[in-house]
Amino acid sequence: MSFDEVRIGIVSISDRASSGVYEDKGLPALKDWMSRALLNPITFESRLIPDEQAAISAALIELVDAGCSLVLTTGGTGPALRDVTPEATLAVAHKEMPGFGEQMRQISLHFVPTAILSRQVAVIRDKCLILNLPGQPKSIAETLEGLKDAEGKQIVPGIFAAVPYCIDLIGGPYFDTDDSICKAWRPKTAIRPK
Ligand SMILES: Nc1ncnc2c1ncn2[C@@H]1O[C@H](COP(=O)(O)OP(=O)(O)OP(=O)(O)O)[C@@H](O)[C@H]1O
Ligand SMILES: Nc1nc2c(c(=O)[nH]1)N[C@H]1C(S)=C(S)[C@@H](COP(=O)(O)O)O[C@H]1N2
């Protein structure tokens, strides 16, 4: 069976990682999780930028125009003065998708009580879904995959379960997931026969 080729934008937003104070762990964590979760051949478009609103919005527009059907950001969602990722994302939105942010905060509350400090949003621009994830590198897998017990049984569903069908609905490629990492949910009529 063949899988659609997908182009995914990954954006790490961090003053310190982008200036070399510490090593960026955001882009490798995004790449690692997406490569494990998806069966599709993936082309990644990566950006490492500081917490500057105009630069973030410009990077998002560039990635959508380059044909990405999914863009994931990490960092800059908190309350600190320099944290402006949600504002930069909303500035390029054609539609808001509030369910993703709500679910990510619910998931993250199982890991840290400060989850409510994350103002992360999700939006649609053209045929692309843009998702903000928190800056802590470990929060990337946590929010995308959700919470599983020691036997691997899902306790809280990760947000990625809803991403493939969302991309179907906006006219993007068909995302196939590895069910052991994240089982995508689609209505029966939308499932492509294998
Ligand atoms: N790109 C990254 N690479 C490695 N660790 C990161 C990265 N971004 C954030 N972290 C870690 O997660 C913590 C919380 O992330 P947050 O986005 O709030 O960073 P910050 O305090 O705004 O600093 P900065 O923007 O300089 O990364 C950071 O203090 C850092 O330990
Ligand atoms: N899953 C998960 N979510 C998390 C965290 C975390 O460690 N794991 N950190 C929280 C903290 S401390 C903050 S301040 C907010 C915003 O983080 P950001 O500014 O790095 O994006 O995300 C929150 N969400």
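Residues numbered from 1 in each chain as written. Chains lettered and ligands numbered in written order. Predicted model: local features only at pLDDT ≥ 70, side-chain atom pairs only at ≥ 80, totals over all residues.

For the chain, an unreviewed UniProt entry supplies the name Molybdopterin adenylyltransferase and the organism Variovorax rhizosphaerae. Turning to the chain, the UniProt annotation filed under Pathway (unreviewed entry) states: "Cofactor biosynthesis; molybdopterin biosynthesis." (UniProt positions renumbered as here; feature names shortened; annotations may be inferred.)

Peer 1: Before we move on, can you summarise the overall build of the chain with the specific residues and values?
Peer 2: On a plain count of helices and strands, the chain comes out with seven helices and eight strands. The C-alpha radius of gyration of the chain comes to 16 Å, within 12% of the 16 Å expected for a compact globule of 194 residues. For the chain, the C-alpha atoms occupy an extent of roughly 50 × 40 × 30 Å along the three principal directions. Burial analysis of the chain (194 residues in total) assigns 40% to the buried set. (Helix = DSSP H or I, 4+ residues; strand = E, 2+ residues; numbered from the N terminus. Rg over C-alpha atoms; globule rule 2.2 N^0.38 Å. Buried ≥ 20, exposed ≤ 12 C-beta atoms within 10 Å, placed from the backbone.)

Peer 1: Account for the packing of helix H2 (residues 26-37) against helix H6 (residues 137-145), with residues named and values stated.
Peer 2: Two numbers describe how H2 lies on H6: the axes approach to 8 Å, and their chain directions differ by 25 degrees. In this view, H2 runs roughly parallel relative to H6, as classed from their interaxial angle. In this structure, H2 meets H6 at a crossing whose hand is right-handed. Each of Gly26, Ala29, Leu30 and Trp33 in H2 lies in contact with H6, whose residues at this interface are Pro137, Ile140, Ala141 and Leu144. Class assignment for the residues of the contact of H2 with H6 results in seven nonpolar, one polar and no charged. (Axes fitted to C-alpha atoms, helices over the stretch in contact; angles between N-to-C directions. Parallel < 35°, antiparallel > 145°, perpendicular 65-115°, else oblique. Left-handed = near helix turned anticlockwise from the far one by under 90°. Contact = placed C-beta atoms within 7 Å. Nonpolar A, V, L, I, M, F, W, Y, C, P; charged D, E, K, R; others polar.)

Peer 1: Which residues make up the site of ligand 2, and what are the values?
Peer 2: Neighbouring ligand 2 are 18 residues; Thr77, Gly78, Ser108, Gly135 and Ser139 lie closest to it. Of the residues forming the shell around ligand 2, the biggest block, three residues, is contributed by H6. (Near = placed C-beta within 6 Å.)

Peer 1: How would you summarise the nonpolar core if you had to cite specific residues and measurements?
Peer 2: Core analysis: the largest hydrophobic core is formed by 45 residues, its most contacted members being Trp33, Leu60, Leu70, Val71, Leu129, Ile130 and Val163. Apart from the residues lying within four places of it in its own chain, the contact partners of isoleucine 130 are Leu60, Val71, Thr89, Ala122, Val123 and Arg125. (Core = buried A, V, L, I, M, F, W, Y, C linked by C-beta atoms within 7 Å.)

Peer 1: Which residues make up the UniProt feature "domain: MoaB/Mog" (unreviewed entry) in the chain, and what values do they have?
Peer 2: UniProt records the feature "domain: MoaB/Mog" (unreviewed entry) for residues 9-154 in the present numbering. Along residues 9-154, the helical share is 38% and the strand share 23%, with 27 Å between the first and last C-alpha atoms.

Peer 1: I'd love a proper account of helix H3 (residues 53-65), names of residues and values included.
Peer 2: Look at H3: 18 Å from first C-alpha to last across 13 residues, which is about the 18 Å you get at 1.5 Å a residue. Packing partners of the buried residues in H3 comprise strand S1 (6-13), strand S2 (42-49), strand S3 (70-74), helix H4 (85-90), strand S5 (122-125) and strand S6 (128-133). (Expected span 1.5 Å × (residues − 1).)

Peer 1: Got a sec to walk through the pairing of S6? Specific residues and values, please.
Peer 2: Burial analysis of S6 places six of its six residues in the buried class, the great majority of the element. In terms of strand pairing, S3 meets S6 through five bridges, oriented parallel. Among the inter-strand pairings, threonine 74 is bridged to a residue of S6, identified as leucine 133. Direction of pairing for S5 relative to S6: antiparallel, over a ladder of four bridges. Counted as the bridge partner of alanine 122 is leucine 131 from S6. Counted between consecutive antiparallel strands, the loop separating S5 from S6 contains two residues, among which aspartate 126 sits at a positive phi close to 50 degrees. (Pairing = 2+ DSSP bridges.)

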